[in-house]
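Structure assessment
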Amino acid sequence: MSFCRFLVAFLVFAGIDQGQCLQLSITPRKGIESLTKNVTFSCRTDIGSTSRPLEIFLIQITKGDQESVALLRGNGAISYGKKEGRRLHADGQIDNRAISGGYLNVTLHFPSTENTGQYRCHVVYLNNMNVTRQDSDDAYLYIDENSNSKFEARINGLEALVHAVSSKMDDIDDNVGKIGSLHAFSASINQNAQRGGKYYVSVGKTVIFNEVITRIGQGYDSGSGIFTAPVDGVYAFFLVMEVEGDAGVGFSLRTTDEREFARLYVEDKDVGDQSSVSSVVNLKAGEKVKVQVHYKTDKGTGHMYHNKYCVFSGFLIRET
């Protein structure tokens, strides 16, 4: 149910005895146009002189002529429902030692347009000859749907926002699930890869990084120097190379079906020179990536050095 604006009108009591013996009031009172989460009906008796030989037999609040909202009968008290939450709460007391203190309260929490209508407080008295007499008082609860439309629109907008946020959270959960499978590696050239700790290269050769530094998940084979994509996804690769021997050497990151996606050139102009390159690429599960020599100057040996001066790394950013 939605929050409502209430305009309360009170009808004049038409009792059958002298003076006003009974009153039904509604809170919020007439003239108050404020948002509230509940409305309370208070039915209270006041028969005037306590010397009159009357007892309260029954107090009842009804909606219209038929629907009973709450009923209190005989000496005693009632209390049911919760004072908070989307429920009806009722409490009341009949104590004929203080007859003017008889009452019945009913609170409608989060009332809606369904609660609009005429409400009646009905009291039955008994005299000392068991002859009954009855009093009643009416009040009308009016819920203005037109005034509430803008608030309902606001609530609908908030519900739409909550739905959108919930959908976004579902997307995030899906993405977290995709990120959850981690595959990463980093490898360098072992000092025993070739003679004297020097790794000699030639054009067209795959560089084998045979000393694994990090290997999480699946993919990198230190025996062949080839990384095989374990899943469809976006991958990042990094290559750092150092060349000695008075030569210039070009390296490329490529798939084994010769799809090249990054190049690096390093030339030994002093005592060893270093260069690096990185790339992000989409791979299908099973595609293979390697580092290959694609160019070498004629002069010099152009060998690479061990001790982690040359490193090949990669990892899965996310599955696709």
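Please read these numbers as outputs of a predicted model, since none were measured by experiment. (Residues numbered from 1 in each chain as written. Predicted model: local features only at pLDDT ≥ 70, side-chain atom pairs only at ≥ 80, totals over all residues. Heavy atoms only, no water.)

**Brief notes about the overall build of the protein chain**
For clarity, the cut-off: Under the scheme used here, helices are H or I runs from DSSP no shorter than 4 residues and strands are E runs no shorter than 2 residues, and both carry numbers assigned from the N terminus. Categorising residues by exposure relies on relative accessible area from a 1.4 Å probe, with only protein chains included: less than 20% of the type maximum marks a residue as buried, more than 50% marks it as exposed, and the intermediate range marks it as partly exposed. Whether two residues are in contact is decided by their heavy atoms: any pair within 4.5 Å suffices. Note that accessible areas follow from Shrake-Rupley with a 1.4 Å probe, and for residues the cover is restricted to the protein chains shown.
On a plain count of helices and strands, the protein chain comes out with 1 helix and 23 strands. Taken over 320 residues, the protein chain has a buried fraction of 41%. Residue pairs in contact within the protein chain that sit at least 24 positions apart in sequence constitute 65% of those at least 6 positions apart. Within the structure as shown, the protein chain displays about 17200 Å² of accessible surface, and the carbon and sulfur contribution to it stands at 49%.

**Brief notes about the pattern of salt bridges**
Selection criterion: We define a salt bridge as a contact between a side-chain nitrogen of Lys or Arg and a carboxyl oxygen of Asp or Glu at a distance within 4 Å.
Following the criterion strictly, the structure yields 7 salt bridges and no others. Close ionic contact of glutamate 260 with arginine 263 constitutes a salt bridge, the shortest N to O distance being 2.9 Å. Among the charged side chains, a network of salt bridges with common partners joins Arg254, Glu258, Glu260, Arg263 and Lys290.

**Some remarks on the sheet that holds strand β9 (residues 103-109)**
The criterion, for reference: Two strands pair under a simple rule: DSSP has to find at least two bridges between them. An axis is simply a line fitted to the C-alpha atoms; with a helix, the fit covers only the stretch in contact. Between two such axes, the angle follows the N-to-C directions and lies from 0 to 180 degrees.
Strand order in the open sheet made by the 5 strands is β2-β4-β9-β8-β7, with antiparallel pairing throughout. In this open sheet, the two edge strands, each paired with only one partner strand, are β2 (22-27) and β7 (76-80). Taken pair by pair, the neighbouring strands of this sheet meet at an average axis angle of 10°, ignoring direction. Of the pairings in the sheet, the one linking β2 to strand β4 (residues 38-45) comprises 6 bridges and is antiparallel in character.

**Details of the state of the cysteines**
To keep things clear, this is the line we draw: When two cysteine sulfur atoms lie within 2.5 Å, the pair is treated as a disulfide.
The full count for this structure, using the stated rule, is 1 disulfide. A disulfide bridge connects cysteine 43 with cysteine 121, and the sulfur atoms are separated by 1.5 Å. Of this pair, cysteine 43 sits in strand β4 while cysteine 121 sits in strand β10 (residues 117-127), placing them 78 residues apart in sequence. A relative accessible area of 0% means that cysteine 43 is categorised as buried.

**What to know about the nonpolar core**
The cut-off we apply is this: What is meant by a nonpolar core is a set of buried Ala, Val, Leu, Ile, Met, Phe, Trp, Tyr and Cys residues, joined one to another through side-chain atoms within 4.5 Å.
Of all hydrophobic cores here, the largest spans 32 residues; its most connected members are Phe209, Phe237, Leu239, Phe251 and Phe312. Among the elements of the structure, β12 (184-188), β17 (233-244), β18 (248-255), β19 (260-267), β20 (273-283), β21 (288-296) and β23 (311-319) are those that each provide at least two residues to this core. Every residue in contact with phenylalanine 312, bar those within four places of it in the chain, is listed here: Phe185, Ser186, Ala187, Phe209, Tyr220, Gly225, Phe237, Phe238, Leu239, Leu253, Val289 and Val291. Counting 25 residues, the second-largest nonpolar core is a separate cluster that includes Leu24, Ile26, Ala90 and Ile94.

**Observations concerning the sheet that holds strand β15 (residues 220-221)**
Taken in spatial order, the 5 strands line up as β15-β16-β21-β18-β19 in an open sheet, and their pairing is antiparallel. A single partner strand is all that each edge strand has here, and the edge strands are β15 and β19. Pairing analysis gives 7 bridges linking β18 to β21, with the strands arranged antiparallel. Looking at the pairing, arginine 254 lines up with lysine 290 of β21.

**Observations regarding the environment of glutamine 274**
The cut-off we apply is this: Think of a polar contact as two N or O atoms within 3.5 Å of one another; within protein, one of them needs to be a possible hydrogen donor and the other a possible acceptor, and neighboring residues in sequence only count if both atoms come from side chains.
For glutamine 274, the position within the fold is in strand β20. It is 6.6 Å that separates the C-alpha atoms of glutamine 274 and valine 243, two residues lying 31 residues apart in sequence. For glutamine 274, the side chain forms a polar contact with the main-chain oxygen of tyrosine 309, separated by 2.9 Å.

**Examining the side chain of serine 313**
With respect to the helices and strands, serine 313 occurs in strand β23. Engagement of the side chain of serine 313 in a polar contact is seen with the side chain of serine 186, the distance being 2.8 Å. Those residues within four positions of serine 313 in sequence are excluded, and the remaining contacts are Phe185, Ser186, Ala236, Phe237 and Phe238.

**Looking at the environment of isoleucine 216**
Along the polypeptide, isoleucine 216 turns up in strand β14 (residues 211-216). For isoleucine 216, a relative accessible area of 38% translates into the label partly exposed. Residues isoleucine 216 and histidine 183, 33 residues apart in the sequence, show an inter-C-alpha distance of 5.3 Å.

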